[in-house]
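In case you want the letters, here they are:
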Amino acid sequence: MAKSTILLGSKAFMQRLEEVAKTAEESLLAQAMTFEGDEAGKWLIDVVEASPAKDKRLLIDSYSKVVINDHFVFSAKYLKDAAFKNEVKETKAIIARAEALGIQVKFTNPVGLIGQRYPLRNHKKMVIVDGKTSFLGGINFSDHNFAWHDMMVELGDKKLGGSLVEDFDNTWNGINQSTAIETDEGSLYLFNGSKSRELYDDFFGHIRAAKETVQIISPYISEPLLGVLRSVAASGVAITIVSPQKNNKSIFKHIIRSEQQKGYFKLKEYPGMSHMKAILIDDEKLIFGSSNYDLVSYYFEQEVVFVSEDPMLIKDFKDKVMSEVTEGAMEADFSAFGARKASLIMGMLNKIGGVASRTILRPH
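Residues numbered from 1 in each chain as written. Predicted model: local features only at pLDDT ≥ 70, side-chain atom pairs only at ≥ 80, totals over all residues. Heavy atoms only, no water.

Draft legend 1. Summary view of the overall build of the protein. Tallying secondary structure elements over the protein gives 13 helices and 18 strands in all. In terms of overall dimensions, the protein is globule-like: its C-alpha atoms have a radius of gyration of 20 Å, near the 21 Å expected for 364 residues. Projected onto its principal axes, the C-alpha coordinates of the protein cover approximately 55 × 55 × 40 Å. Counting the 364 residues in the protein, one finds 58% classified as buried. Contacts in the protein between residues at least 24 apart in sequence constitute 75% of all its contacts with a sequence separation of at least 6. In the protein, 45 positive and 48 negative side-chain charges are present, and the distance between their average locations comes to 6 Å. (Helix = DSSP H or I, 4+ residues; strand = E, 2+ residues; numbered from the N terminus. Rg over C-alpha atoms; globule rule 2.2 N^0.38 Å. Buried < 20%, exposed > 50% of the residue type's maximum accessible area, 1.4 Å probe, protein only. Contact = heavy atoms within 4.5 Å. Lys, Arg positive; Asp, Glu negative; His and termini not counted. Charge placed at Lys NZ, Arg CZ, Asp CG, Glu CD.)

Right, dumping it as structure tokens:
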């Protein structure tokens, strides 16, 4: 079994990718939802440029054409904030520079003329070098993403690498997969929103099969995962959710606080903003990748997720990641009204999303 490693934080990921990129011979393929023309984006282009790989390609979701640094490009902020306007221009400039250097760049999932297809995002984050070494996780290529608590996992599974190259090529050619693939070291899931309902059911079977414990780290938990967790908790399995103390999307913090009142899970927190997505089952199975298993992923987004039973990788995860979390406590400023409001909004979005994803916003 090839060695797999948890790369906790952007610095560890940067250092390792630089090392691997220098040894590339054939290909260096990178994909992310967010790519911005800041230090993180410039770093990636420098790494790819310096690599001896022959095939150098970058896939970016069209989200990065309309949202920069968590703000919409077409907004009053662009007109009023010179620094923000410069960020937008720098993103366009660094992409033009990449193309001038011979790096092929393609955007996935156009948002539509008036943004009508905005929910349909390709949320995958991965880098594959020579089809042999793969990096999967939650890190995007922007300064604010690099500052958040997150991880990438390095995997030397050659069958996984080949499958990810095939998926990258399919996405490059406008084809989205919905499939599960058994590799040398685990199970790879490639989701395509509402077209993957049966596949999600199969995937959630890993959680439903838990015997003792399920521990989840994610900033944006909602249905359908919460429903799965409630059913598993009812069978006596101990559920722990690790949520960031500071969430860039506050509605999800209210959702977790609301669910906490139902008493079926123990809440722990990561100090600060965490963007990590991981599930640890019975200390024997580790799930990681790009998905938050929330209703947006479930209905609309393309995601990549890997399920590993590698005991050394699980130990690495527990030593590096789980040791950082702290006991969660009800905050003094907790708002019962805010929690109820968030639950009502999510319930409404769940219904709308279910209908829209089968009709006007069906993933392609």
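Draft legend 2. Just the side chain of S258, in detail. Residue position: S258 is located in helix α10 (residues 250-260). Judged by its relative accessible area of 14%, S258 falls in the buried class. Within the structure, S258 has its side chain in polar contact with the side chain of S343 (distance 3.0 Å). Sequence-distant contacts of S258, that is, excluding residues within four places in its chain, are made with A339 and S343. (Polar contact = N/O pair within 3.5 Å; in protein donor to acceptor, adjacent residues only side chain to side chain.)

Draft legend 3. How the structure looks around unusual backbone geometry. Looking along the chain, the bond that leaves E223 and enters P224 is cis, with omega of 10 degrees. Within the secondary structure, P224 sits in the loop between β12 (213-217) and α9 (225-234). Phi at D70 takes a positive value of approximately 65 degrees, unusual for a residue other than glycine. Mapped onto the elements of the fold, D70 is located in the loop between β4 (67-68) and β5 (71-72). Located in the positive-phi region is D130, a residue other than glycine, with phi close to 60 degrees. With respect to the helices and strands, D130 occurs in the loop between β7 (126-129) and β8 (133-137).

Draft legend 4. Spotlight on the pattern of salt bridges. Under the counting rule described, the total for this entry stands at 19 salt bridges. Residue E26 is joined to K54 by a salt bridge in which the shortest nitrogen-to-oxygen separation is 3.3 Å. Linking E26 in the loop between α1 (10-22) and β2 (27-32) with K54 in the loop between α2 (39-50) and β3 (55-61), this pair joins segments that are 28 residues apart in sequence. Where D167 meets K124, a salt bridge forms, and the shortest distance between an N and an O atom there is 2.7 Å. Of this pair, D167 sits in helix α7 (residues 158-172) while K124 sits in the loop between β6 (104-108) and β7; the two residues are 43 residues apart in sequence, bridging distant segments of the chain. Here the salt bridges share partners, and the residues they tie into one network are E223, R230, E259 and K262. (Salt bridge = Lys/Arg side-chain N within 4 Å of Asp/Glu carboxyl O.)

Draft legend 5. Representation of the packing of α10 against helix α13 (residues 336-356) in the model. Orientation of α10 relative to α13, taken along the N-to-C sense of each, is 105 degrees, at an axis distance of 8 Å. By the angle between their directions, the pair α10 and α13 is classed as roughly perpendicular. Side by side, α10 and α13 meet where I251, F252, H254, I255 and S258 of the first sit next to G338, A339, A342, S343, I345 and M346 of the second. Taken together, the residues of the contact of α10 with α13 sort by class into seven nonpolar, four polar and no charged. (Axes fitted to C-alpha atoms, helices over the stretch in contact; angles between N-to-C directions. Parallel < 35°, antiparallel > 145°, perpendicular 65-115°, else oblique. Nonpolar A, V, L, I, M, F, W, Y, C, P; charged D, E, K, R; others polar.)

Draft legend 6. Main features of the sheet that holds strand β14 (residues 266-270). Strand order across the open sheet formed by nine strands is β10-β11-β17-β16-β15-β12-β13-β14-β18, with mixed pairing between neighbours. Edge positions in the sheet fall to β10 (179-182) and β18 (326-327), since each of these pairs with one other strand and no more. Here four bridges tie β10 to strand β11 (residues 186-192), and the two strands are oriented antiparallel to one another. Directly across from A180, in β11, lies its bridge partner Y189. (Pairing = 2+ DSSP bridges.)

Draft legend 7. Fine view of the nonpolar core. Membership of the largest hydrophobic core comes to 44 residues, with the highest contact counts inside it found for F203, I207, V214, I216, L229, I239 and I241. By residue number, the principal contributor to this core is α9, which donates six residues. Setting aside anything within four residues of it in sequence, one finds I216 in contact with I221, L225, L229, I239, T240, I241, V242, A278 and I279. (Core = buried A, V, L, I, M, F, W, Y, C linked by side-chain atoms within 4.5 Å.)

Draft legend 8. Broad picture of the pairing of strand β17 (residues 302-308). Most of β17 is tucked away: seven of the seven residues are buried. Every second residue of β17 is oriented toward a common face, with Q302, V304, F306 and S308 on one face and E303, V305 and V307 on the other, all of them buried. Pairing between β11 and β17: seven bridges, direction antiparallel. Looking at β17, one finds that Y189 is bridged to V305.

Draft legend 9. Expanded view of the packing of aromatic side chains. In total, this model carries 21 aromatic pairs according to the counting rule given. Through pairs of rings, three or more aromatic residues link up here, namely Y189, F191, Y200, F203, F204, Y293, Y298, Y299 and F300. When the ring centre of W172 is taken as reference, the NZ or CZ atom of R57 above it lies at 5.1 Å. Its guanidinium or amino end placed over the ring of Y78, K85 lies 5.3 Å from that ring's centre, counting from NZ or CZ. (Phe/Tyr/Trp six-rings, centres within 6.5 Å; stacked < 30°, edge-to-face > 60°. Lys NZ or Arg CZ within 6 Å of the ring centre and 35° of its normal.)

Draft legend 10. Seen up close, the packing of α2 against helix α5 (residues 82-100). With their axes 10 Å apart at the nearest point, α2 and α5 run at an angle of 0 degrees to one another. Between α2 and α5, the angle is such that the two are roughly parallel. Contact residues: α2 offers G41, K42, I45, D46 and E49, while α5 offers E90, I94, R97 and A98.

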